[in-house]
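Residue-level structural notes
Chain by chain, the residues:
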Amino acid sequence: MRIVKKSLERKVMMTIILKKTWMRTMKDLHSCKKTELLSTVIPSSWILLDSQLTLDVLSNKKLLTNMKDAKWTLTLYCNTGKAIVSQKGDLKGYGTVWFYPDGIANILSVCNVEK
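The rules behind these values
- Residues numbered from 1 in each chain as written.
- Predicted model: local features only at pLDDT ≥ 70, side-chain atom pairs only at ≥ 80, totals over all residues.
- Heavy atoms only, no water.
- Helix = DSSP H or I, 4+ residues; strand = E, 2+ residues; numbered from the N terminus.
- Buried < 20%, exposed > 50% of the residue type's maximum accessible area, 1.4 Å probe, protein only.
- Contact = heavy atoms within 4.5 Å.
- Areas by Shrake-Rupley, 256 points an atom, 1.4 Å probe, with all protein chains shown as cover.
- Phe/Tyr/Trp six-rings, centres within 6.5 Å; stacked < 30°, edge-to-face > 60°.
- Lys NZ or Arg CZ within 6 Å of the ring centre and 35° of its normal.
- Polar contact = N/O pair within 3.5 Å; in protein donor to acceptor, adjacent residues only side chain to side chain.
- Core = buried A, V, L, I, M, F, W, Y, C linked by side-chain atoms within 4.5 Å.
- Salt bridge = Lys/Arg side-chain N within 4 Å of Asp/Glu carboxyl O.

A closer look at the overall build of the protein
Helix and strand content of the protein: three helices and six strands. When the helices and strands of the protein are listed from N to C terminus, the series reads α-α-β-β-β-β-β-β-α. Taken across its 115 residues, the protein has 23% of its residues classed as buried. Across the protein, the fraction of contacts at a sequence separation of at least 24, relative to all contacts at a separation of at least 6, is 58%. Within the structure as shown, the protein displays about 8900 Å² of accessible surface, and the carbon and sulfur contribution to it stands at 60%.

Brief notes about the packing of aromatic side chains
One pass over the structure, following the stated rule, counts zero aromatic pairs. In this arrangement the basic side chain of Lys 88 is found over the ring face of Trp 98, its NZ or CZ atom lying 4.6 Å from the centre.

Describing the side chain of Asn 60
Here Asn 60 shows up in the loop between β2 (57-58) and β3 (64-78). Only 2.9 Å separates the side chain of Asn 60 from the backbone nitrogen of Lys 62, close enough to count as a polar contact.

Description of the nonpolar core
Counting residues in each nonpolar core, the largest one holds seven residues, listed as Leu 55, Val 57, Leu 74, Leu 76, Ala 83, Val 85 and Trp 98. Every element with two or more residues in this core is listed here: β3 and β4 (81-91). Formed by six residues, the second largest nonpolar core is a distinct cluster that contains Leu 64, Leu 91, Val 97 and Phe 99.

A short note on unusual backbone geometry
Although it is not a glycine, Asn 66 sits at a positive phi angle of roughly 55°. Judged by its relative accessible area of 48%, Asn 66 is partly exposed.

Some remarks on the pattern of salt bridges
In the structure shown here, the tally under the stated rule is one salt bridge. Residue Lys 68 is joined to Asp 90 by a salt bridge in which the shortest nitrogen-to-oxygen separation is 3.9 Å. Of the two residues, Lys 68 is situated in strand β3 and Asp 90 in strand β4; the sequence distance between them amounts to 22 residues.

Take a look at the structure:
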């Protein structure tokens, strides 16, 4: 019983830490430049998985090869407003993804990863 209680306490503490970090991160979003955010919030080498996204968008050009202009543009609506994406590239071992250099993260769609 004591081990279960300790485990639960750790989970609660981790949740509190994550929540505080997220709140600080959201505050930083409004006061920092993109380059500062990338280096302090989400490392540019990370690739995140998103269960709500239906497409794949990367912001780190170093992860991509075979960069090209897309045949059509993609309009993304996010918390910072509207973004127009017009380039694609190949992610090694995965396939073609959209490239948006002003993004703050590299994000793959869970539904596309599962294919």
